[in-house]
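In case you want the letters, here they are:
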Amino acid sequence: RALITGLHVMQESMSAFLSKHALDGLTDLSVAIRERSEAAMRRGIRDSIPEGIYRGSSSVDGFDGQALGIEVTITVRDGSMIIDYAGSAGQSPFGINSTLVYTNVWSLYVVKCITCPDVPNNQGTFAPITVTAPEGSLLNPIFPAPVKMKPSTGHYLPIAILDALKDVIPERILAESGNKSLVYLAGRKEDGRAFSDLIFVMGGMGARAGKDGVHTIGFTGSCSNSRIEVLERAR
C-alpha cells in the first residue's frame, strides 16, 4: 500500500512539474541530465587523476589456505578510465564469485567517490568508465558458477583500485577498511517458530588523509554493525 501510494504521489507531482514547465515529456530533460553528468565525470577524472597506467591488487580468503588474488590495471586518458581485472584469480567452486555486474558496480562506486561524488547516479555519470574482467575469473564467472556470497569478493575491489591510485592521489585515498563479515543466525524459538537473522560485522573504516577512521563502519558499503539488543529483542 505504501508503494502504491508513493506512485500516486509521484504521478501527481510529475504531472504538476510537466504542466508548470510546459513540457510534453521528459526525454529532452533526461538527455540534458545525462550529458551534463557525463561532462562532470570527465572533468572530475581529469582534475583528480593524472593520465597514466596504474596497477594495484588485493586478495580474498580462499578455502584451501590460499588467498585468491585480485589484480587491477587502471588506464586514465582524456577524462576516461578503463579498469581491467586481467590477472585476477579464476572462478571458485564456492559461492564467492563476483558477477560482472557486481564487479562493475563496486568499481564505478569507488571511482565516483574519488572523482565526482556530488553528481547524481545516471547513465551519463558512468559513461566515461569501462570495467572489464576475463570470463571464467573470480570477477566474471561463467554460469552456473555459484555467486550467493559475491559481497565477500566484491567488497575487496575498491581496495585494489585504491591501492593502484595511492601514490598519485594520496590526499584522496582511504586506508583499507575492515570489510564486512556476514553472520547468519537461524533456528527455532521456544514456541517452535522459526527465526533467521543476518548480522553485518564491520571492522571499521580506514583513516582518511586528514582524519581518523570510523569504528564499526566499513567502506564501501557504509553500513554499520547491527545492535545486539535489536537481535535479542527479535528473538
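Read on for a plain summary of the structure.

Rules used in this analysis
- Residues numbered from 1 in each chain as written.
- Predicted model: local features only at pLDDT ≥ 70, side-chain atom pairs only at ≥ 80, totals over all residues.
- Heavy atoms only, no water.
- Axes fitted to C-alpha atoms, helices over the stretch in contact; angles between N-to-C directions.
- Helix = DSSP H or I, 4+ residues; strand = E, 2+ residues; numbered from the N terminus.
- Parallel < 35°, antiparallel > 145°, perpendicular 65-115°, else oblique.
- Left-handed = near helix turned anticlockwise from the far one by under 90°.
- Contact = heavy atoms within 4.5 Å.
- Nonpolar A, V, L, I, M, F, W, Y, C, P; charged D, E, K, R; others polar.
- Expected span 1.5 Å × (residues − 1).
- Buried < 20%, exposed > 50% of the residue type's maximum accessible area, 1.4 Å probe, protein only.
- Pairing = 2+ DSSP bridges.

## Points about the packing of helix α2 (residues 27-48) against helix α3 (residues 100-115)
Item 1. Packing of α2 against α3 leaves a shortest axis separation of 9 Å and a crossing angle of 70°. By the angle class used here, α2 and α3 are roughly perpendicular. α3 is crossed by α2, and the crossing has left-handed handedness. In this structure, α2 uses M41, G44, I45 and S48 to contact α3, whose residues at the interface are K112, I114 and T115.
Item 2. Looking at the contact of α2 with α3 residue by residue, the class counts come to three nonpolar, three polar and one charged.

## Points about α3
Item 1. End to end, α3 covers 22 Å across 16 residues, agreeing with the expected 22 Å (1.5 Å per residue, within 8%).
Item 2. Where α3 is concerned, the buried positions are Y102, T103, W106, S107, L108, V110, V111, K112, I114 and T115.
Item 3. The inward-facing, buried residues of α3 contact α2, β3 (80-84), α4 (123-126), β4 (129-132), α5 (151-154) and α6 (157-165).

## Remarks on helix α1 (residues 2-20)
Item 1. Here α1 spans 27 Å end to end across 19 residues, near enough to the 27 Å set by a 1.5 Å rise per residue.
Item 2. Just downstream of α1 lies A22, where phi reads positive at about 55°.

## Examining the packing of α3 against α6
Item 1. Relative to each other, α3 and α6 sit at 45°, their axes nearing to 9 Å. With respect to their mutual orientation, α3 and α6 come out oblique. At the point where α3 passes α6, the crossing takes the right-handed sense. Residues T103, W106, S107, V110 and I114 of α3 pack against L157, P158, I161, L162 and L165 of α6.
Item 2. Each residue belonging to the contact of α3 with α6 can be placed in one class, and the counts come to eight nonpolar, two polar and no charged.

## Observations concerning the sheet that holds β3
Item 1. Strand order in the open sheet formed by four strands is β1-β2-β3-β4, with mixed pairing between adjacent strands. Only two strands of the sheet have a single neighbouring strand rather than two, namely β1 (52-60) and β4. Geometrically, the sheet is characterised by an average inter-axis angle of 15° between neighbouring strands, direction not taken into account.
Item 2. In the sheet, β3 pairs with β4 via four bridges, with the strands oriented parallel. Paired with I82 across the strands is T130, a residue of β4.
Item 3. Where α2 meets the sheet, it contacts β2 (68-77), β3 and β4, and its direction lies at approximately 75° from that of β3.
Item 4. Taken strand by strand, α3 contacts β3 and β4, and its axis lies near 140° from that of β4.

## A few points about the pairing of β1
Item 1. Only one face of β1 is covered, namely the face carrying G52, Y54, G56, S58 and V60; the face carrying I53, R55, S57 and S59 is uncovered.
Item 2. Bridge count between β1 and β2: nine bridges; the pairing is antiparallel. Considered in β2, the bridge of S59 is made with G69.

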